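As a plain string of letters, each chain reads:
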Amino acid sequence: MSFRITRRAVGLGAAALALPGIARAQGTQMAIATGTTGGVYYPLGGALANYLSRGIPGMSATVEVTGGSVANFQLLGAGRVGMVFGQVDAAVDGLRGAGPFRGRAVAARAVAVLYTNRMQVVTTADRGIRSMADLRGKRVSTGAPGSATELFAFRVIAAAGLDRERDFRARERLSPAESTNAIRDGKLDAYFFVSGVPTSAVTDLAATPGTTIQLVDHAELHQRIVAENGPVYFPEVIPANTYPGQRADNHQLSVANILAVREDMPAEMVSSILRVTWENREDWARVHAEARNFTLAAQKTAAAGIPWHPAAEAFWRAAGATLA
């Protein structure tokens, strides 16, 4: 049995959902939805596409640049991609048909738990922003349309007692690279970005001559966010010096990342994908340090957030993961 997805690189959101879908063929073409080029999904996805193309006979895997997790699960639900990188909060909303997926539930299944995505509220020391309350009246970006950054940022903003439509001088919807450039150009005061760390866009800002980066603490909002949205978020710390000139630990909120497929992906394809990915995990960690967190211990049902694909559950149990 084969699993073929044919499509060219896509833009963001619903406009991408009208592209050609799944067809059966002798070869296997699979698109992997990643994220923006300034994040971690994109380089990891490019490497993964290489591993799968080399390691599975007849496979030709490609990556798609997208707005992020929300767009990815929308594309998966419409059958336009075969596999996605995504945050658990977006996966859960997609499965429930909630939030941006209202009326369009996505029958997604987890195949692997990858690493933690950290919410980074990024500014520079000269902007005078030391707390979430200090964002009031500032120019902020809440992330690219279709991104899980936007989904998560809205929840952090609400938990901080801010209104995203009224309490900012301006609210943009920029990618992390665009946000970094806007801060450099004096057009933006702060931006939200959820990703693995370090991530290139934030590193670029921190390395700008004459700039001292500031990451805004928000871990104190944990209980409010969990009470409203369920236990998909947890507090973590980005240690000082993760980025150039970062002088203090950043107490922030995080969410797990998963690889996900549709529930109807053939079992043999899921098994092949996991076999090749697992065999290449050491090389994957050389592409980006966050891939070091792709471990047996990370494969937990609670962390996955959505049900396992049965073939993935079988693979991880055979590999020695407890899953509980």
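Please read these numbers as outputs of a predicted model, since none were measured by experiment.

## Quick look at the overall build of the protein
For step 1, the next point in the chain: Scanning the protein from N- to C-terminus turns up eleven helices and twelve strands.
For step 2, the next point in the chain: Against the 2.2 N^0.38 benchmark of 20 Å for 324 residues, the protein shows a C-alpha radius of gyration of 19 Å, consistent with a compact globule.
For step 3, the next point in the chain: Oriented by its inertia axes, the alpha-carbon framework of the protein measures out at about 60 × 40 × 35 Å.
For step 4, the next point in the chain: Counting all 324 residues of the protein, 56% fall into the buried class.
For step 5, the next point in the chain: Taking all contacts inside the protein whose residues are at least 6 apart in sequence as the whole, residues at least 24 apart take part in 73%.
For step 6, the next point in the chain: Counting only carbon and sulfur atoms, one obtains 49% of the accessible surface of the protein, whose full area is about 13,100 Å².

## Considerations on the confidence of the model for the protein
For step 1, the next point in the chain: Chain-level pLDDT for the protein is 90 on average; 92% of the residues reach the 70-or-more range.
For step 2, the next point in the chain: Across residues 1-26, where pLDDT falls below 50, the model places 68 contacts with residues more than four positions away in sequence or in other chains.

## Observations regarding helix H7 (residues 222-229)
For step 1, the next point in the chain: Turning to H7, its buried residues number three or more, namely His 222, Ile 225 and Val 226. Buried residues in H7, looked at end-on, bunch into an arc of 95°, giving them a common side. What points out from H7, more than 90 degrees from its buried face, is the exposed set Gln 223, Arg 224, Ala 227 and Glu 228.
For step 2, the next point in the chain: Looking at the buried positions of H7, the neighbouring elements they touch are helix H4 (148-159), strand E11 (234-238) and strand E12 (250-262).
For step 3, the next point in the chain: At the C-terminal side of H7, Gly 230 shows a positive phi close to 90°.

## Brief notes about the packing of aromatic side chains
Both the distance between ring centres and the angle between the ring planes are used here to describe each pair of aromatic rings.
For step 1, the next point in the chain: Enumeration over the complete set of coordinates arrives at seven aromatic pairs.
For step 2, the next point in the chain: For the pair Trp 284 and Phe 294, a centre-to-centre distance of 5.6 Å together with 85° between the ring planes defines the contact as edge-to-face. You can see Trp 284 sitting in helix H9 (residues 281-287) and its partner Phe 294 sitting in the loop between H9 and helix H10 (301-304), a full ten residues away along the chain. As far as the burial class goes, Trp 284 and Phe 294 line up, both buried.

## Section: the pattern of salt bridges
For step 1, the next point in the chain: Inspection of the entire model under this criterion finds 15 salt bridges.
For step 2, the next point in the chain: The closest approach of N and O atoms between Arg 166 and Asp 163, which form a salt bridge, is 3.2 Å.
For step 3, the next point in the chain: The class of Arg 166 is exposed, set by a relative accessible area of 68%.
For step 4, the next point in the chain: Note on Asp 163: relative accessible area 23%, which makes it partly exposed.
For step 5, the next point in the chain: One salt bridge connects Arg 171 with Glu 165, and the closest N-O pair in it is separated by 3.3 Å.
For step 6, the next point in the chain: Since its relative accessible area comes to 24%, Arg 171 is described here as partly exposed.
For step 7, the next point in the chain: Owing to a relative accessible area of 55%, Glu 165 belongs among the exposed residues under this scheme.

## Things to note about the layout of surface pockets
For step 1, the next point in the chain: Considering only enclosed or pocket space, the second largest pocket measures out at about 170 Å³ in volume.
For step 2, the next point in the chain: Along the walls of the second largest pocket sit Val 88, Val 92, Arg 96, Asn 229, Gly 230, Pro 231, Val 232, Phe 234, Ala 256, Ala 302, Ala 303 and Gly 305, which together make up its complete lining.
For step 3, the next point in the chain: Those elements that place two or more of their residues in the lining of the second largest pocket are helix H3 (88-96) and H10.
For step 4, the next point in the chain: It is H3 that provides the largest number of residues to the lining of the second largest pocket, a total of three residues.
For step 5, the next point in the chain: Within the lining of the second largest pocket, the residues separate by chemical class into eight nonpolar, three polar and one charged.

## Looking at the packing of helix H8 (residues 267-279) against helix H11 (residues 310-319)
For step 1, the next point in the chain: Between H8 and H11, the shortest axis-to-axis distance is 8 Å and the interhelical angle comes to 40°. On the basis of the axis angle, H8 is oblique to H11. Classified by chirality, the crossing of H11 by H8 is right-handed. Of H11, the residues touching H8 (which contributes Ala 267, Val 270, Ser 271, Leu 274, Arg 275 and Trp 278) are Ala 311, Ala 312, Phe 315 and Trp 316.

Conventions adopted
Residues numbered from 1 in each chain as written. Predicted model: local features only at pLDDT ≥ 70, side-chain atom pairs only at ≥ 80, totals over all residues. Heavy atoms only, no water. Helix = DSSP H or I, 4+ residues; strand = E, 2+ residues; numbered from the N terminus. Rg over C-alpha atoms; globule rule 2.2 N^0.38 Å. Buried < 20%, exposed > 50% of the residue type's maximum accessible area, 1.4 Å probe, protein only. Contact = heavy atoms within 4.5 Å. Areas by Shrake-Rupley, 256 points an atom, 1.4 Å probe, with all protein chains shown as cover. pLDDT = per-residue confidence, 0-100. Arc of directions from axis to C-beta. Phe/Tyr/Trp six-rings, centres within 6.5 Å; stacked < 30°, edge-to-face > 60°. Salt bridge = Lys/Arg side-chain N within 4 Å of Asp/Glu carboxyl O. 1 Å grid on protein atoms, 1.4 Å probe; cavity = no way out; pocket = protein on both sides within 12 Å on 5 of 7 lines; lining within 4 Å. Points joined across faces, edges and corners; volume = space filled by probe spheres on them. Nonpolar A, V, L, I, M, F, W, Y, C, P; charged D, E, K, R; others polar. Axes fitted to C-alpha atoms, helices over the stretch in contact; angles between N-to-C directions. Parallel < 35°, antiparallel > 145°, perpendicular 65-115°, else oblique. Left-handed = near helix turned anticlockwise from the far one by under 90°.

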